[in-house]
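# A closer look at the structure
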Amino acid sequence: MSKNDYWDLTNRPHTKLKLEIYKKYLDSWCAIFLNQKYYEEVFIVDCFAGRGEYKEKGDRADGSPLIAVKAAKKFQDDFDNKKIKNKRNFKIKCRFIDENKKYCKSLEKLLAAYINDVDFQIINDDFNNTIGDVLKEIGYKPVLFFIDPHGIKSLKKKSVLSIVNKPGAKDILLNYINEGVVRIAGLAKKCMDKKAKDITLKEIKTITNLTDFVGDECLEIIDSSDVEFLEYYVENILKSNNENVNSKNKLDVIAFNMPYPNKSDTIYYLLFASRNKNAIKIVSQVYAKSKESNLKGQRSFFGPKEQLKLHNNFKV
Ligand SMILES: C[S@@+](CC[C@H](N)C(=O)[O-])C[C@H]1O[C@@H](n2cnc3c(N)ncnc32)[C@H](O)[C@@H]1O
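Before going into details, it helps to say that this report is about the structure given with it.

Reading the values: rules and limits
- Counting of residues starts from 1 at the beginning of each chain's written sequence and follows it residue by residue.
- In keeping with the predicted nature of the model, local features appear solely for residues at pLDDT of at least 70, side-chain atom pairs appear and are counted solely at 80 or more, and the whole-chain, interface and lining totals rest on all residues.
- Each side-chain value is worked out from all heavy atoms of the structure, with water and hydrogens disregarded.
- Throughout, near means a residue has at least one heavy atom within 4 Å of the molecule or strand.
- For this analysis, a polar contact is any N or O atom pair within 3.5 Å, provided that within protein one partner can donate a hydrogen and the other can accept it, and provided that sequence-adjacent residues contribute only side-chain to side-chain pairs.
- The Shrake-Rupley method, run with a 1.4 Å probe sphere, supplies the accessible areas, and residue values consider only the shown protein chains as cover.
- Under this grouping Gly is polar, as are all residues other than the nonpolar Ala, Val, Leu, Ile, Met, Phe, Trp, Tyr, Cys and Pro and the charged Asp, Glu, Lys and Arg.
- Only Phe, Tyr and Trp rings are paired, with Trp represented by its six-membered ring, and only when their centres lie within 6.5 Å; those with planes under 30 degrees apart are stacked, over 60 edge-to-face, the remainder tilted.
- The way it works is that DSSP assigns letters per residue, a run of H or I at least four long becomes a helix, a run of E at least two long becomes a strand, and they are numbered from the N terminus.
- Exposure classes here rest on a 1.4 Å probe applied to the protein chains alone. A residue is buried below 20% of its type maximum, exposed above 50%, and partly exposed in between.

Right, let's get into the site of the ligand. Around the ligand, the surrounding shell holds 20 residues, and the nearest of these are Tyr54, Ser64, Asp98, Phe127 and Asp148. Ser64 is positioned with one of its side-chain polar atoms (N or O) 2.9 Å from a nitrogen atom of the ligand. In the model, an oxygen atom of the ligand is placed 2.7 Å from a nitrogen or oxygen of the Asp98 side chain. Calculation on the ligand without its partners gives an accessible area of 600 Å², and the protein chains cover 95% of this total. Here the residues of the shell around the ligand are counted per class, giving nine nonpolar, six polar and five charged.

Here we take up the packing of aromatic side chains. By the definition in use, this model includes 15 aromatic pairs. Taken together, a centroid distance of 5.0 Å and an interplanar angle of 50° make the contact between Phe48 and Phe127 tilted. Placement of Phe48 in the loop between β1 (41-46) and β2 (53-56) and of Phe127 in helix α4 (residues 127-138) is noted, with a sequence separation of 79 residues between them. Considered together, Phe48 and Phe127 belong to a single accessibility category, that of buried residues. Here Tyr176 and Phe213 contribute two aromatic rings whose centre-to-centre distance is 5.9 Å and whose plane-to-plane angle is 45°, an arrangement assigned as tilted. Here Tyr176 is found in strand β7 (residues 170-176), whereas its partner Phe213 is found in helix α7 (residues 201-214), with 37 residues between them in sequence. Exposure remark for Tyr176: the relative accessible area of 1% places this residue in the buried category. Among the aromatic side chains, those forming a connected cluster through ring pairs are Tyr6, Trp7, Tyr54 and Tyr103.

Here it is in structure tokens:
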């Protein structure tokens, strides 16, 4: 077992917790749409789907696409057994995007068992290239986006804006990789102090990654703390469409911080955006409950009370 193997959960309690939070929210999300008679077709889009499974102490564990397909099957079966008045149909369509060919092949194999039960599609492409077509297919239908990149390099502001601007109901669970932002912002800051002729091509690429992620203006806030950077991201990207829509459609955003064990730094923030007040309430509860659980025997630095305080910072 390698400590650096991303697909081995044994030493990655923070990845495990992220998947648990995703699963818990997905179950509530599916239940909400199952019970609403107007919605006969909804979508789950996993924008950085991965290979479909992890290892854990010699066993296997579901990756996010398996979690989604199992939820889709369960809630479609519930619909068939339940009969909801004036609702003729209920389908949860899953779209999985990953640019890695090998991972898509692995996913195809793992999902084969669900081919007759769930409408799923594996899209082997760069998320930033393909998200426009996925959004066209979805139109006004409700959708849950799971955005879980390795770092900030592959997550471009323009793509997240296209999701935020999608008309109709959308919920977004976005893994904001704080350690990546801090590292790349630090490198970019060093470059700002250099003479233009001394900046290397590699450094220019690094700055471009940051501006693609957060926009050109981010260089003006390069000296900010990581929380200020996060607030900037929330206000200028996730909530950027709020000024164009009525109060019913404004996105509210809450954050869950995942600290390193033994340190006060944050690995990532799991940001949740939704216009639905009940969804925000459900995820706040899932976040607060997750804070009560131990991470590999480590109690987290932010308890449920501090977590609620953090939520309040991100209210619309
Ligand atoms: C953190 S992993 C996803 C893990 C997955 N959500 C899970 O929990 O099972 C990130 C994935 O994004 C993929 N990836 C990286 N850059 C990408 C891009 N530009 N477009 C689509 N996928 C990308 C990688 O191949 C990797 O599988």
